Every structure is written in C-alpha cells, then in structure tokens.
Amino acid sequence: MEFERSQVVIYLEGPRPANVDPVGPAEFKIQQLNRRFSPDLLVVPVGSKVSFPNMDPIFHNIFSLSKPRPFDLGSYDKGETREVTFPKPGIVDIYCRLHPNMAAAVVVTPNRWYPGPIEQGSIAFQMYRPANTPSLHGTGLLDSFARQ
Ligand SMILES: [Cu+2]
C-alpha cells in the first residue's frame, strides 16, 4: 500500500459507551509561528477548546468556513490569543486571511478513540482506551481523514 498523503488520522466512530470511564474534552493549542500553523493538523475530541496564540511579530487573522464550526477570530498581534470551541464532530479547515499560504485542519472526533496523526509509512495503530474499561470488541466503524 502506497501512502499518497503525508498524514493520516484514524479514529473510531460512535459515541462513548455509557460504561466507559468518561474522559472529558480537553484544551489544545495551535500556534502561529513563522507564518505557519504549528501544529497544522490537530485531532481533538468533540467539545474541546483550541487556543490560537500568535507568536509572530505580525498580525494574523484566523478563520474557517467549514460547516462543523465556521468562525473568524479577527486580526490580532503578537502575544495575543483567541479561542474556539468545537461542539460538533467533523473536519474544520483553518486559514489566515492575511497569509494565503497558511493552512491547518482540526479533526473533531466523536470520542477519544484515536491514535493521533500517523506519519507517512507507519501503519502501527494503538487505540486509546481508558483504564478500567471492558475490552471493545470491534463494533465501531473506522473513519479516517487524510490531508496532504
Ligand atoms: Cu497570518
């Protein structure tokens, strides 16, 4: 199998079963650094909050037109940060109005069962499973998202 994409995200579909230890949404960060998003691919469970600190000595204006979570953070300067919460699963493409070469994506998963982005050539996959949970007997659908 030849990978056409450099990064692939794989996760299990479906809501968290009621008997599984609840792991709530978490907080994440995408920096604007050297006129790039860092990281430029982020996987978060639904409900998570992502902050977008500007580390550059120039303004950035981050926005998305993606259906799960359209937003526009406006222009802001070095040292400032703004936040976005992602209440729906889906893929959110993120850009900067001031720098058309800047692009990132946030993959919002319906649960926490994902291994994070997989580097090119790697097929290894470890499913996240909280402690004290019954084994999950493969009833979930695999979904994936690839980005160049
Ligand atoms: Cu910018």
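The structure reproduced in this document is the subject of the present report. Just so you know, these numbers come straight off a predicted model, no measurement behind them. (Residues numbered from 1 in each chain as written. Predicted model: local features only at pLDDT ≥ 70, side-chain atom pairs only at ≥ 80, totals over all residues.)

Broken down by element type, the protein carries 0 helices and 13 strands. Ordering the α and β elements of the protein from the N terminus gives β-β-β-β-β-β-β-β-β-β-β-β-β. Expressed as a percentage of the 148 residues in the protein, the buried residues total 22%. (Helix = DSSP H or I, 4+ residues; strand = E, 2+ residues; numbered from the N terminus. Buried ≥ 20, exposed ≤ 12 C-beta atoms within 10 Å, placed from the backbone.)

Attention shifts here to the environment of R36. Structurally, the position occupied by R36 is in strand 4 (residues 36-38). Between the C-alpha atom of R36 and that of A103, which follows or precedes it by 67 residues, the distance is 7.5 Å.

Turning our attention to the nonpolar core. Burial of nonpolar side chains together is a common tendency in soluble globular proteins. Of all hydrophobic cores here, the largest spans 18 residues; its most connected members are V44, V50, I94 and V106. When residues of this core are traced back to their parent elements, those giving at least two are strand 5 (41-45), strand 10 (90-96) and strand 11 (103-109). Aside from chain neighbours lying at most four places away, what touches I94 is F37, I62, S64, A104, A105 and V106. (Core = buried A, V, L, I, M, F, W, Y, C linked by C-beta atoms within 7 Å. Contact = placed C-beta atoms within 7 Å.)

Taken together, the 3 strands give an open sheet; going across it, the order is 2-6-9, and neighbouring strands pair in mixed fashion. At either end of the open sheet lies a strand with only one pairing partner, and these are strand 2 (27-29) and strand 9 (83-85). With strand direction ignored, the average angle separating the axes of adjacent strands in the sheet is 25 degrees. Bridge count between strand 2 and strand 6 (residues 49-51): 3 bridges; the pairing is parallel. Note on strand 6: the bridge partner recorded for E27 is K49. (Pairing = 2+ DSSP bridges. Axes fitted to C-alpha atoms, helices over the stretch in contact; angles between N-to-C directions.)

Let us now look at the pairing of strand 8 (residues 71-76). Bridge count for strand 7 (residues 60-64) against strand 8 is 4 bridges, and the pairing is antiparallel. Its bridge partner lying in strand 8, N61 is registered against S75. A loop of 6 residues connects strand 7 with strand 8, the two strands running antiparallel in sequence.

One open sheet accounts for 5 strands, arranged 5-11-10-7-8; its pairing is mixed. Each having just a single partner strand, strand 5 and strand 8 make up the two edges of the open sheet. Averaged over all pairs of adjacent strands, the angle between their axes in this sheet comes to 20 degrees, without regard to strand direction. With 2 bridges connecting them, strand 7 and strand 10 associate as antiparallel partners. Note that in strand 10 the partner of I62 across the bridge is C96.

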